[in-house]
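Geometric and topological summary
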Amino acid sequence: MSDLSDNTPRCPFTLDRRRFLQGLGAAGAAAGLGGSAWAESRTDATSSHDVTGAPVSTTTQQSHPFHGRHQQGILTPRPATGMVVVCDVLARDRAGLERLLRILTERIAFLTQGGTYPKRDPSYPPADSGILGPTIAPDALTVTVSLGASVFDERFGLADAKPKHLQRMTGFPNDALEPTRCHGDLSLQICANTHDTTIHALRDIIKQTPGLLMVRWKQEGTVPVMPPSPDTPTPSARNYLGFRDGTANPNTDDDALMDSLIWTGDDPDEPNWARGGSYQVVRIIRNFVERWDRAQLAEQEAIFGRRKESGAPLSGGSEYDKPNYNDDADGKITPLDAHIRLANPRTPGFEKHRILRRPFNYSNGVEANGQLDMGLLFIVYQADLEAGFITVQKRLNGEPLEEYIKPVGGGYFFTLPGAIDEHDFLGRTLLEATETDV
Amino acid sequence: MSHRSLFFAASVFGLMVLQTPAQADVDPETLVEPIAEYKLYVLDNLDQFVSHTEKFTQAIEAGDLERAQALYAPTRVYYERIEPIAELFADLDASIDAREDDYENGVEDPDFTGFHRLEYGLFKEQTTQGFTPYAKQLMTDVNDLESRVQDLTFPPAQVVGGAAALMEEVAATKVSGEEDRYSHTDLWDFQGNVDGSQKIFELFKPLVAEEDPAFVDRVEKNFAAVEDTLAHYRHETNNPEAGFVSYEKVSETDRRAFVGPVTVLAEDLATLRGKLGL
Ligand code: HEM
């Protein structure tokens, strides 16, 4: 599936060991937790006096294949940083839209595999921003292109080909949506091992698509990097509420399961061109972290239905053990309104409502009240938007977690099928399906 | 660059940023005439700027709010056209055209003077009371600017680069409506910037037309696209002097329609110096 050079897909990001341990040591000591385990492995990071020496990563050469039936960035192991950039399409006609999709395809193919930019006559602007130097490494970059419902309006003659469930996101009861952080014609999900790689890709794309794309909103996020773990499967990374996130995702190695849950295809009501695509939901969900940090641990665990430290279900076992609700009809162990129990009651027939979550933590700035503006850049994929996110979110409406979270932005998109080979481009099947003989 | 470029068709918005630009082959002598002509254009506009500023500031000193409001935008236009040159004098640019965002204390900042300080009084506070000192200061600054520009040798790179710089102005502050946030006369400034940019392009066009006709064609079409949208919001379609509707009346769709051609113009015109070997 991927060319990952090292074989730790859940943690593809390995920092230079010295610096890596420096971070851990400092964190442990600062919190007064400098236990013996840390003490043994801690190394002295201050021996070097190279103050501004570049941080070193051993994973810059990791790359994910761009061509294929499905786009990258969905089943691809989630790297340490990601962002969603939602744009409006400025192209005014089909020709312009096609040009945009071809340029995007060409740029993504280049950026995700790496290469060298041409040198220019210095009286011209340079070929790219140069923030990664003249030769860029792939750094596990993926760029995933999806379309919003608004693209299927009268501008491009695509109305008849709109995926069946694609619609403009509507607010749920706990939402406080900000219009400037919602909806849009086209979303770019850009992920990589390091933040600067995603920024470079975004700036390249913006520079190459003037007059075609206008950025509407953008949200960046991260996933905490973990030390390589001897345990398999690797424990999940944590979100900003301190809980392991991603545990109960459907198994992405199971092709048949992915075909039924993630990739749009089998439904005869879906347009043919959409085969191999997926519905993408993006939600910017603010977390009230100060308040959360003042909540009882027992309450926190009851809210999610999992142990904070281990991620194990309240019903027992370890992180990846199945929660047991059968012997707990009254919710004495796992409350009936616990997040995971509402999101997936694990009852017969509920399998078709499962979704693939691939979120990032975000941290933006400070609110007027002095509280931190941070939360979850929630990204999910599913074959059927209605059966997936919308059904699950409706079940979650009113959950106790709502006291600590507030969705403020996002949108619904349809992730285009992949570009099969060098002759193909993203969105080709859509354009072909809507061609009219003039 | 990727050899995988699939296709690049040049159409209205088309921009072949990926092509390797041709080496400039322009005789510096040929720049002399357009530069001289541009200086005439700037001096002409400055002349008008001075006389309009006189009327504008007199209206304020006379306490004629309505007249001062009416003269605000038509006066600024001349400045907006020649910004690439005016901005060479950073001290004057700050006292003539700074915005409240440029000061930590915003409107209250004692250093905040010029058009936008007056705009705040005339359109937000709806008064001329107490604004005479700002009016007098503005007049002094504008006269100072004129005499400094007269003595100036125009640097070719600055002039040619001005075509793109003006479009950057539009892209950064006009499309968003933040330039004239109290008077909502952004379209006047918008037109001023576009006029100034187009003038520079027209003057140097003959030097690049032969080598890159597609470039010239694209730039002209994008200027035309901007002009079309602007015309739509004029009180009289074909008469820029008649003025524009309030920027609040410009639809979201049209604000967006500006961004496309404006961004392509900014990218394209950014290569003009390269094409002329500057
Ligand atoms: C800030 C908001 C949210 C936070 C902090 C959060 C956190 C968590 C955590 C800690 C888990 C348990 C570990 C895991 O299986 O990954 C979980 C599970 C889950 N969450 Fe969320 N979540 C949030 C929002 C949502 C939303 C909006 C949805 C969908 C509408 C959702 C759907 C799910 C699902 C389907 C599961 C797996 C349940 C299972 O199969 O057992 N979550 N979430």
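About the thresholds
- Residues numbered from 1 in each chain as written.
- Chains lettered and ligands numbered in written order.
- Predicted model: local features only at pLDDT ≥ 70, side-chain atom pairs only at ≥ 80, totals over all residues.
- Heavy atoms only, no water.
- UniProt positions renumbered as here; feature names shortened; annotations may be inferred.
- Helix = DSSP H or I, 4+ residues; strand = E, 2+ residues; numbered from the N terminus.
- Buried < 20%, exposed > 50% of the residue type's maximum accessible area, 1.4 Å probe, protein only.
- Contact = heavy atoms within 4.5 Å.
- Areas by Shrake-Rupley, 256 points an atom, 1.4 Å probe, with all protein chains shown as cover.
- Rg over C-alpha atoms; globule rule 2.2 N^0.38 Å.
- Lys, Arg positive; Asp, Glu negative; His and termini not counted.
- Charge placed at Lys NZ, Arg CZ, Asp CG, Glu CD.
- Near = heavy atom within 4 Å.
- Polar contact = N/O pair within 3.5 Å; in protein donor to acceptor, adjacent residues only side chain to side chain.
- 1 Å grid on protein atoms, 1.4 Å probe; cavity = no way out; pocket = protein on both sides within 12 Å on 5 of 7 lines; lining within 4 Å.
- Sits in = over half its atoms within 2 Å of the grid points.
- Nonpolar A, V, L, I, M, F, W, Y, C, P; charged D, E, K, R; others polar.
- Donors = N, O, S within 2.8 Å, 3.2 Å for Na, K, Ca; no water.
- Patch = residues over 30% accessible without salt bridge, like charges linked within 9 Å, V, L, I, M, F, W, Y side chains within 5 Å.
- Salt bridge = Lys/Arg side-chain N within 4 Å of Asp/Glu carboxyl O.
- Points joined across faces, edges and corners; volume = space filled by probe spheres on them.

The name recorded for chain B in an unreviewed UniProt entry is Efem/EfeO family lipoprotein, from Chromohalobacter japonicus. Its UniProt record, at the heading Subcellular location (unreviewed entry), says of chain B: "Cell envelope".

Where an unreviewed UniProt entry is consulted, chain A appears under the name Deferrochelatase, with the organism given as Chromohalobacter beijerinckii. One UniProt comment on chain A, placed under Subunit (unreviewed entry), says "Homodimer. Part of a ferrous iron transporter composed of EfeU, EfeO and EfeB." Quoted verbatim from the Catalytic activity (unreviewed entry) field of UniProt, the annotation for chain A is "heme b + 2 H(+) = protoporphyrin IX + Fe(2+)".

**Focus on the overall build of chain A**
Looking only at helices and strands, chain A features 10 helices and 11 strands. Per-residue burial for chain A yields a buried fraction of 54% across its 438 residues. Put simply, of all contacts in chain A between residues at least 6 apart along the chain, 77% involve residues at least 24 apart. In the form shown here, chain A has an accessible surface area of approximately 19,300 Å², with 52% of it arising from carbon and sulfur atoms.

**Some remarks on the overall build of chain B**
When its secondary structure is counted, chain B shows 11 helices and zero strands. Taken from N to C terminus, the helices and strands of chain B fall in the order α-α-α-α-α-α-α-α-α-α-α. For a compact globule of 278 residues, the expected C-alpha radius of gyration is about 19 Å, and chain B comes in at 20 Å, within 12% of that figure. Residues counted as buried form 53% of the 278 residues belonging to chain B. For chain B, long-range pairs separated by at least 24 residues make up 73% of all intrachain contacts whose partners lie at least 6 apart in sequence. Total accessible area computed for chain B in this model is approximately 12,000 Å², and 47% of it derives from carbon and sulfur atoms. Positive and negative charge centroids in chain B, built from 23 and 53 side chains respectively, lie 4 Å apart.

**Examining the site of the ligand**
Residue and element names in this part refer to chain A. Neighbouring residues of the ligand: 25 residues in total, closest Gly246, Ala248, His339, Arg346 and Arg357. In the model, an oxygen atom of the ligand is placed 2.9 Å from a nitrogen or oxygen of the Ala248 main chain. A distance of 3.0 Å separates an oxygen atom of the ligand from a polar atom in the side chain of Asn344. One can see that the ligand is located within the largest cavity. Breaking the shell around the ligand down by element, the ones donating at least two residues are strand S7 (278–287), helix H8 (339–343), strand S10 (372–382) and helix H9 (386–396). The leading source of residues in the shell around the ligand is H9, at four residues. Grouping the constituent residues of the shell around the ligand by class yields 13 nonpolar, seven polar and five charged.

**Concerning the coordination of the iron atom of the ligand**
Among protein residues, the single donor to the iron atom of the ligand is A:His339 (NE2), with a metal-donor distance of 2.0 Å. Take A:His339: it is sitting in helix H8.

**Quick look at a negative patch on the surface**
Residue and element names in this part refer to chain A. On the surface, a cluster of negative charge is made up of Asp253, Asp254, Asp255, Asp259 and Asp266. For Asp259, the location among the structural elements is in helix H5 (residues 255–261). Residue class for Asp259 comes out partly exposed when judged on its relative accessible area of 35%.

**Points about the UniProt feature "domain: Imelysin-like" (unreviewed entry) in chain B**
In the UniProt entry, the feature "domain: Imelysin-like" (unreviewed entry) is given for residues 36–258 of chain B. Split by type, residues 36–258 of chain B is 69% helix and 0% strand. Its first and last C-alpha atoms lie 31 Å apart.

**Focus: the layout of surface pockets**
Counted as a void, the second largest pocket has a volume near 740 Å³. Among the elements of the structure, helix H4 (195–208) and strand S6 (213–222) of chain A together with helix H7 (156–174) and helix H10 (252–269) of chain B are those that each provide at least two residues to the lining of the second largest pocket. With eight residues, H10(B) is the largest single contributor of residues to the lining of the second largest pocket. Its residues assigned to classes, the lining of the second largest pocket shows 14 nonpolar, five polar and 11 charged.

**Topic: the environment of A:Arg244**
Residue and element names in this part refer to chain A. Its place among the elements puts Arg244 in the loop between S6 and H5. With a relative accessible area of 17%, Arg244 lands in the buried category. Spatially, the C-alpha atoms of Arg244 and Gln296 are 17 Å apart, while their sequence positions differ by 52 residues. Discounting residues that sit within four places of it in the chain, Arg244 has contacts with Met226, Pro235, Ser236, Ala237, Arg238, Glu309, Ser310, Gly311 and Glu319. Within the local environment of Arg244, its side chain forms a polar contact with the backbone oxygen of Ser236, the two atoms lying 2.7 Å apart.

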